[in-house]
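Single-letter residue listing:
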Amino acid sequence: MTAPETTPIIAASLNPAQQQVLDLLGAPPEARPTFSPTLRDTLLADIDDGLRELLDELDPADPLFASKHALSTVHSCEARHVAERDIPFEWSVPLARGTVAHKAIELSIHWRGRPDPLQLVDESLARLAEGTDGLGDWLAGCSEVDRAEVRALANERVATFLECFPPIRAAWIPVTEGRLRAEVLGGRVVFSGRTDLALGRPEGSTARKVVIDLKTGGFSAAHLDDLRFYALIETLRLGTPPRLLASYYLDAGRAQPEAVTEGLLRAAAARAVDGVRALHELSVGTRAPVARAGVSCRWCPALASCQVGQVHLGRSEDTSPFDAD
Ligand code: SF4
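Residues numbered from 1 in each chain as written. Predicted model: local features only at pLDDT ≥ 70, side-chain atom pairs only at ≥ 80, totals over all residues.

Observations regarding the domain arrangement of the protein chain
Logical step 1: Taken domain by domain, the protein chain holds domain 1 (3-86 + 171-284) and domain 2 (93-165).
Logical step 2: Where the side of domain 1 that touches domain 2 is concerned, the elements lending two or more residues are α2 (16-25) and β2 (175-184).
Logical step 3: Ranked by residues supplied to the side of domain 1 that touches domain 2, first place goes to α2 with 3 residues.
Logical step 4: Its residues placed into classes, the side of domain 1 that touches domain 2 shows 5 nonpolar, 4 polar and 2 charged. (Domains from an automatic or database assignment. Helix = DSSP H or I, 4+ residues; strand = E, 2+ residues; numbered from the N terminus. Nonpolar A, V, L, I, M, F, W, Y, C, P; charged D, E, K, R; others polar.)

The structure is reproduced here in structure tokens:
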């Protein structure tokens, strides 16, 4: 990417967490990989081949949308995926918090001077209140307590971001909430996603872009899969993959970086093919959903009727560190 390589920030003005991010973002020319110009066509051919049995079952006029979230849930527990799929979407404090914070972070990147987190959050709330995606209506109708909670939680997230990240310069080509989309199987399947933050852009077949997902809470292997899926969509769009993927854990001030390789992209393509098949079969009812217990059982909407989840949680809660075995 351009900026950390050509427009150094005065290191003394950065705290160690910000310096770590800056070190992560920058890459000397020899560390920027070059990929085959045919990689996109190869990946697309592999995906189309893996999905060819769906050719006659799907219609480009009514494509199957495979989002990051859909693939993640169907790969973790098919029964939970089906249960969540049937629940109508509703805005809530946690969902509004994330959207308000992301909008405020977007504003911070383009703000002149040193922005104040709460000012950014209030501007974000004002902008989103004018939107037509349902959040504006929710903000207009929510209780004062809910609004205050959204404001407080978003402020915490934005303040943490500004503490952990160096000032982001326009020359780094920052894009927040960037929408990604790639069509496969002749438009019958659409891969979609939205990156929290992307910096840089490819130069020919040389990878330079860094894709960052901002996370609260701790590490999960699913976070790696999410970013690998974004790297796959980027490659199908542009032909040149990102150079680096990073989940950034705001609470801990730590990044989990992963370099993009051809092997990583092929694995992401295979996972996407398996996920699309499962999504389609669950959608048309030719596959019985498999319940796979895990940490998400605790907040799963199907828990009350799912024996697998109840047994799992019962076992987990019965396990004592003082058990003999
Ligand atoms: S309770 Fe657990 S196993 Fe059951 S559907 Fe939910 S996530 Fe899956």
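Resuming the write-up.
Quick notes on helix α9 (residues 144-164)
Logical step 1: With 21 residues, α9 should cover 30 Å at 1.5 Å per step; its first-to-last C-alpha distance of 30 Å lies within 8% of that length.
Logical step 2: Listed in full, the buried residues belonging to α9 are V150, A154, N155, R157, V158, F161 and C164.
Logical step 3: Residues of α9 that are buried sit in contact with α2, α6 (93-110), α7 (117-129) and β4 (210-215). (Expected span 1.5 Å × (residues − 1). Buried ≥ 20, exposed ≤ 12 C-beta atoms within 10 Å, placed from the backbone. Contact = placed C-beta atoms within 7 Å.)

Description of the packing of α6 against α7
Packed helices, taken two at a time, are described by the angle between their axes plus the distance between the axes.
Logical step 1: One way to put it is that α6 packs onto α7 with a least axis distance of 8 Å and a crossing angle of 115 degrees. When the axis of α6 is compared with that of α7, the two are roughly perpendicular. Relative to α7, α6 is oriented so that their crossing is right-handed. Counting all contacts with α6, which are made through T99, V100, K103, A104, L107 and S108, the residues of α7 involved are L120, V121, E123, S124, L125, R127 and L128.
Logical step 2: When the residues that make up the contact of α6 with α7 are grouped by side-chain class, the tally is 7 nonpolar, 3 polar and 3 charged. (Axes fitted to C-alpha atoms, helices over the stretch in contact; angles between N-to-C directions. Parallel < 35°, antiparallel > 145°, perpendicular 65-115°, else oblique. Left-handed = near helix turned anticlockwise from the far one by under 90°.)

Some words on unusual backbone geometry
Logical step 1: Positive phi, close to 55 degrees, is recorded for I173, a residue that is not glycine.
Logical step 2: With respect to the helices and strands, I173 occurs in the loop between α9 and β2.
Logical step 3: Judged by local crowding, I173 falls into the partly exposed class, with 16 C-beta atoms found within 10 Å.
Logical step 4: Despite not being glycine, E177 has its phi angle at roughly 55 degrees, a positive value.
Logical step 5: Among the structural elements, E177 can be located in strand β2.

Focus on the site of the ligand
Logical step 1: Close to the ligand lie 14 residues; C77, C297, C300, C306 and G309 are nearest.
Logical step 2: When residues of the shell around the ligand are traced back to their parent elements, those giving at least two are α5 (78-85) and α12 (307-318).
Logical step 3: Taken together, the residues of the shell around the ligand break down into 10 nonpolar, 2 polar and 2 charged. (Near = placed C-beta within 6 Å.)

Notes on the packing of helix α4 (residues 68-76) against helix α10 (residues 221-238)
Logical step 1: One way to put it is that α4 packs onto α10 with a least axis distance of 10 Å and a crossing angle of 140 degrees. Compared by their axis directions, α4 and α10 come out oblique. Every pair of crossing elements has a handedness; the one defined by α4 and α10 is right-handed. Every residue of α10 that contacts α4 at K68, L71, S72 and S76 is listed here: A222, D225, D226 and F229.
Logical step 2: Considering only residue class, the contact of α4 with α10 consists of 3 nonpolar, 2 polar and 3 charged.

Comments concerning the nonpolar core
Logical step 1: By size, the foremost hydrophobic cluster in this structure holds 65 residues, and its most contacted members are A231, L232 and A272.
Logical step 2: If you count residues domain by domain, this core takes at least three from each of domain 1 (3-86 + 171-284) and domain 2 (93-165).
Logical step 3: Filtering out sequence-adjacent residues up to four positions away, A272 remains in contact with I47, A66, L71, F191, F229 and L232.
Logical step 4: Core analysis: the second largest hydrophobic core is formed by 6 residues, C77, C297, C300 and C306 among them. (Core = buried A, V, L, I, M, F, W, Y, C linked by C-beta atoms within 7 Å.)

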